[in-house]
Amino acid sequence: MADPVKLSVIYYSSTGTINEIANALVAEAEKAGAEVRLRKAPELAPDAAIDANPAWRANVEATRSVPEVAADDVVWADAVIFGSPTRYGNIAAQLKQFIDTLGGEWQQGLLADKVYSGFTSSATKHGGQESTLLALYNTIHHFGGIIVSPGYTDGSKFIDGNPYGTSHVDAQGQLPVDDETRTAAGVQARRVVEIARRLKNGA
């Protein structure tokens, strides 16, 4: 029997939306037969900023049991799905800071030839979701990674409308993660696992 696909879901979440999508991706990937690690990027913001937003503090407390990411979580994986809220059309500093620590692994070629994908959220519609994922994927090109986006490979993608990855509009926390976003996460997780499986098995 072939070894299962090893998938790392690595994310940064401030108020919990990205954390919730990450868990949806993990659940779908495990259903698809993957061995999954869920990891979060370390928080860089000061306590004063976190405490000024009750949802931010609540998410910090609720996710204390999620291990912080290390370079090995990328090296170990056959596939990596990165998640971040959009920050001015780019990924959050917390996730970027972790990615920026991978220079040694990059120089050794340990980040190449893996499947990569991304997911995001924003407060407003057209709030930088697509540019955030495209900015993330610029990094993957430098890794020599293989970008596996959901595209329009499933009919549900014509509803959520983002071929670059799963995304959600949370309206400053007023719109919780819904069935549309969960469906998109399922499509993405299954596609990432399937393409990684084909590559791993030489299919």
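The rules behind the values
Residues numbered from 1 in each chain as written. Predicted model: local features only at pLDDT ≥ 70, side-chain atom pairs only at ≥ 80, totals over all residues. Heavy atoms only, no water. Helix = DSSP H or I, 4+ residues; strand = E, 2+ residues; numbered from the N terminus. Rg over C-alpha atoms; globule rule 2.2 N^0.38 Å. Buried < 20%, exposed > 50% of the residue type's maximum accessible area, 1.4 Å probe, protein only. Contact = heavy atoms within 4.5 Å. Areas by Shrake-Rupley, 256 points an atom, 1.4 Å probe, with all protein chains shown as cover. Phe/Tyr/Trp six-rings, centres within 6.5 Å; stacked < 30°, edge-to-face > 60°. Lys NZ or Arg CZ within 6 Å of the ring centre and 35° of its normal. 1 Å grid on protein atoms, 1.4 Å probe; cavity = no way out; pocket = protein on both sides within 12 Å on 5 of 7 lines; lining within 4 Å. Points joined across faces, edges and corners; volume = space filled by probe spheres on them. Nonpolar A, V, L, I, M, F, W, Y, C, P; charged D, E, K, R; others polar. Pairing = 2+ DSSP bridges. Right-handed = clockwise from strand over helix to strand, strands pointing away.

(A) Here's a closer look at the overall build of the chain. Of the regular secondary structure elements, the chain holds nine helices and seven strands. Relative to the globule expectation of 17 Å for 203 residues, the C-alpha radius of gyration of the chain, 16 Å, shows essentially globular dimensions. Each principal axis of the C-alpha atoms in the chain carries an extent, and together these give about 50 × 40 × 30 Å. Relative to its full complement of 203 residues, the chain shows a buried share of 49%. Intrachain contacts of the chain at a sequence separation of at least 6 include 77% that bridge at least 24 residues. Surface accessibility of the chain: about 9600 Å² in total, with carbon and sulfur atoms responsible for 51%.

(B) Focus on the packing of aromatic side chains. Inspection of the entire model under this criterion finds three aromatic pairs. Geometrically, the ring pair formed by phenylalanine 82 and tyrosine 116 is stacked, given 6.3 Å between the ring centres and 10 degrees between the ring planes. Of the two residues, phenylalanine 82 is situated in strand 3 (residues 79-87) and tyrosine 116 in strand 5 (residues 115-122); the sequence distance between them amounts to 34 residues. Grouped by ring-pair contacts, the aromatic residues Phe82, Tyr116 and Phe143 constitute a single cluster. A cation sits over an aromatic face here: arginine 37 above tryptophan 76, 4.0 Å from the ring centre.

(C) Representation of the environment of alanine 112 within the structure. Tracing the backbone through its elements, the reader meets alanine 112 in the loop between helix 6 (103-107) and strand 5. In this view, alanine 112 contacts Phe143 and Gly144; residues no more than four positions away in its chain are not counted.

(D) Looking closely at the side chain of lysine 157. Take lysine 157: it is sitting in helix 8 (residues 157-160). Those residues within four positions of lysine 157 in sequence are excluded, and the remaining contacts are Pro150, Gly151, Tyr152, Asn162, Pro163, Gly165, Ala184 and Val187.

(E) The layout of surface pockets, seen in detail. A volume near 570 Å³ is recorded for the largest pocket. As for the largest pocket, its lining consists of 25 residues, and the residues nearest its centre are Ser14, Thr15, Ala123, Asp170 and Gln172. Those elements that place two or more of their residues in the lining of the largest pocket are helix 1 (17-31), helix 3 (54-62), strand 3 and strand 5. The residue inventory of the lining of the largest pocket, partitioned by class, reads nine nonpolar, 13 polar and three charged. Volume-wise, the second largest pocket comes out at about 390 Å³.

(F) Highlighting the pairing of strand 1 (residues 6-11). Across the six residues of strand 1, five count as buried, placing the element largely inside the fold. Sheet topology places strand 1 next to strand 2 (residues 35-40); six bridges connect them, and they run parallel. Among the inter-strand pairings, leucine 7 is bridged to a residue of strand 2, identified as valine 36. For the crossover that starts at strand 1, traverses helix 1 and ends in the parallel strand 2, the hand is right-handed.

Geometric values such as these leave the question of function open.
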